[in-house]
Amino acid sequence: MNTSIPVVSSPSVAATIRVVAREDAIDLAEVDEKTEATVVEVLKLDLEHYPVSDDPRTWSRLRKNICLILISCAAMIAQLAANIQNPAMEEIKHDLNATNAQLSLSISLFLLLQGLVPLIWSVVSEFQGRRFVYLITLALFTAGSVVVALSKSIKLMIAFRCLQAAGSSAVSSLGSATLADMFDPVERGSKMGIYYTAPLLGPALGPVFGGILTSALGWRSIFWFLSILGGTSVFAFVLYFRDTFRKERSLVYRDVVAKRLVQITRNLGSVKQVAEKESIEQAEDIEKQTTPSTFVDVKLTFRDVDPIKPIFRIVKQRHNVVILFASGLLAAFGFLATYASSRTLGSDYDLGPLYIGLVNLSYGAGCVISSLTSGWWSDRELKRMKELNGETYAEMRLRTSVIGGTFLPAFILGLGWVSEEKVNVAAIAVMLFACGFFTTWMYTSTLAYIVDANVGCSSSATATNSAFRGLLSFIALETAVPLQDGLGDGATYSIWAGLMAVCELLILLVYLKGRGWRVPANPTVKGNGVEKS
């Protein structure tokens, strides 16, 4: 940790001191009117476009696409691990002498930890960068996969499935933040759609690979397969991934710098002594600067970063809580649909692992097609509204979710009752495809909104989104077995159809009210999710 902090000649020092001093009740009566005026401007720093060295947004298209491909493939592997064991549940149950509840727990705990652990990784990425976190977590995932493949008991398998989850969690949550590092909001939706396609291929192909490997080589080959993929991913990141994180665009970094400056100010005796050392009269508008010189150069460590504050900043804002709950419900249904259908196809239709995987592939195919089209459609609508209105704001992106919200509940009802009545398996495949398509259509817009609406803290926002997703997915899978066994598929999916209708209402609420909630809650963030022509 640096002990001496050079004060850069700019208005930011007095301003950032004043921000934190207001929170800490420090007496700033001696700050003059000129500094007051400067404070107002600096508090509205445009973190979205703040000038940085080696700006990832100015990288070549090839360099950015390499990073996009790497995080997408790694995210696909992470999501592949979530449900690849579904077709092998009967084999694992007999080989490890496990119960249905234990098998369900192995999957639900995986999803829970995959959602919660990113809250830690997002903090680490704020001072070590994205690349460091990706390498460590992918190595953990690989190690966990090896031990699961060697497991002789269900308890050992569950324990190291948890390690797998912790290792796979970062790339699934920080991927969106990495895209925010590289791409401007106007093109972020289409890139988000491409990025999200690969993780969706995981749940789509997972049951197929799981079925083929289980049928040919036994269930343990599934986890040896994941070990090979994880190791290959680590090697690729070492060679080709370039870190995209820039601390100057982080609200967390700004807060830590401000705290350090308050400490300096206390030592000097007054804010005025610091302010007088700055050439306030010669300060330029931040957007006209050609070099990133506003922030004090501080090297952060884990002790400097409060893991709770960034999360609290996200969840204390109404628009975030509402959209995070809706996003979490959408993700939870996605995991429940393939898990519940696997149980139905195995018990009621007497299908083997391979055929279960092929039927579930229809859900993944719907997700992939939707991801490719919804991101493009979202950006198209955003550009059109920008031409009409002269500007766009983050909530406009949610307008496209109406298409998915209109049709999704009906197809969920259809899936439930064709399963209940044991209609031909082709009908289940059609319903799964439609559910995957419309779920992803809605989820893509909510994910892009979460990034766009949280300027300067996209990694914390996406990590919090992962936590909501993991927690709600855990609840969904833990209740799936008792609901299916007690009420049947028809009633179970009817409940979820109602939840998805509520989900769309929540998204519409944020579309209509979100900007009015968001802007007053973030008065010091310039831009605040707005893009002007």
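Look up: the structure comes first, before these words.
The rules behind each value
- Residues numbered from 1 in each chain as written.
- Predicted model: local features only at pLDDT ≥ 70, side-chain atom pairs only at ≥ 80, totals over all residues.
- Heavy atoms only, no water.
- Helix = DSSP H or I, 4+ residues; strand = E, 2+ residues; numbered from the N terminus.
- Contact = heavy atoms within 4.5 Å.
- Areas by Shrake-Rupley, 256 points an atom, 1.4 Å probe, with all protein chains shown as cover.
- Core = buried A, V, L, I, M, F, W, Y, C linked by side-chain atoms within 4.5 Å.
- Buried < 20%, exposed > 50% of the residue type's maximum accessible area, 1.4 Å probe, protein only.
- Salt bridge = Lys/Arg side-chain N within 4 Å of Asp/Glu carboxyl O.
- Phe/Tyr/Trp six-rings, centres within 6.5 Å; stacked < 30°, edge-to-face > 60°.
- Axes fitted to C-alpha atoms, helices over the stretch in contact; angles between N-to-C directions.
- Parallel < 35°, antiparallel > 145°, perpendicular 65-115°, else oblique.
- Left-handed = near helix turned anticlockwise from the far one by under 90°.
- Nonpolar A, V, L, I, M, F, W, Y, C, P; charged D, E, K, R; others polar.
- Polar contact = N/O pair within 3.5 Å; in protein donor to acceptor, adjacent residues only side chain to side chain.

Caption draft 1: Up close: the overall build of the protein. Helix and strand content of the protein: 18 helices and two strands. Considering only residue pairs separated by 6 or more positions, the protein has 86% of its internal contacts joining residues 24 or more positions apart. Roughly 20900 Å² of accessible area belongs to the protein as shown, and the carbon and sulfur atoms make up 63% of that amount.

Caption draft 2: Region of the structure containing the nonpolar core. Core analysis: the biggest nonpolar cluster contains 116 residues, and F237, F333, I412 and W496 have the highest contact counts within it. Those residues in contact with F333, other than ones at most four positions away along the chain, are I412, C435, T439, Y493, W496 and M500.

Caption draft 3: View of the pattern of salt bridges. Applying the stated rule across the entire model yields three salt bridges. Linking D181 and R130 is a salt bridge whose minimum nitrogen-to-oxygen distance equals 2.9 Å. In this pair, D181 sits in helix α7 (residues 154-182) while R130 sits in helix α6 (residues 118-150), placing the two residues 51 residues apart along the sequence. The salt bridge partner of D485 is R343, with a shortest N-O separation of 3.5 Å. Placement of D485 in helix α17 (residues 458-487) and of R343 in helix α13 (residues 318-347) is noted, with a sequence separation of 142 residues between them. Under the relative-accessibility criterion, D485 is labelled exposed at 55%.

Caption draft 4: Geometry of the packing of aromatic side chains. Applying the stated rule across the entire model yields ten aromatic pairs. Ring geometry for F209 versus F225: centroids 5.4 Å apart, planes at 50 degrees, classification tilted. One end of the pair, F209, is in helix α8 (residues 185-217); the other, F225, is in helix α9 (residues 220-240), and 16 residues separate them in sequence. Taking the relative accessible area as the measure of exposure, F209 reaches 32% and is therefore partly exposed. Where F411 meets F438, the ring centres are 5.8 Å apart and the plane angle is 20 degrees; that geometry is what we call stacked.

Caption draft 5: Focus on the packing of α6 against α9. Packing of α6 against α9 leaves a shortest axis separation of 8 Å and a crossing angle of 160 degrees. Classified by the interaxial angle, the pair formed by α6 and α9 is roughly antiparallel. Along this stretch, α6 crosses α9, giving a crossing that reads as left-handed. Contact residues: α6 offers R131, Y134, L135, L138, A139, F141, T142, S145, V146, V148, A149 and L150, while α9 offers R220, F223, W224, L226, S227, G230, G231, S233, V234, F237 and V238. Tallied by class, the residues present in the contact of α6 with α9 amount to 15 nonpolar, six polar and two charged.

Caption draft 6: The arrangement of the side chain of S168 in detail. For S168, the position within the fold is in helix α7. Here Q114 takes part through its side chain, which lies 2.8 Å from a polar atom of the side chain of S168. The contacts of S168, once residues within four sequence positions are left out, are A78, F110, Q114, T137 and F141.

Caption draft 7: Focus on the packing of helix α5 (residues 100-116) against α6. Where α5 contacts α6, the axes come no closer than 5 Å and their chain directions differ by 25 degrees. Judged by the inter-axis angle, α5 sits roughly parallel to α6. The residues of α6 that touch α5, namely those facing L113, Q114, G115 and L116, are P118, L119 and I120. In terms of residue class, the contact of α5 with α6 is made up of five nonpolar, two polar and no charged.

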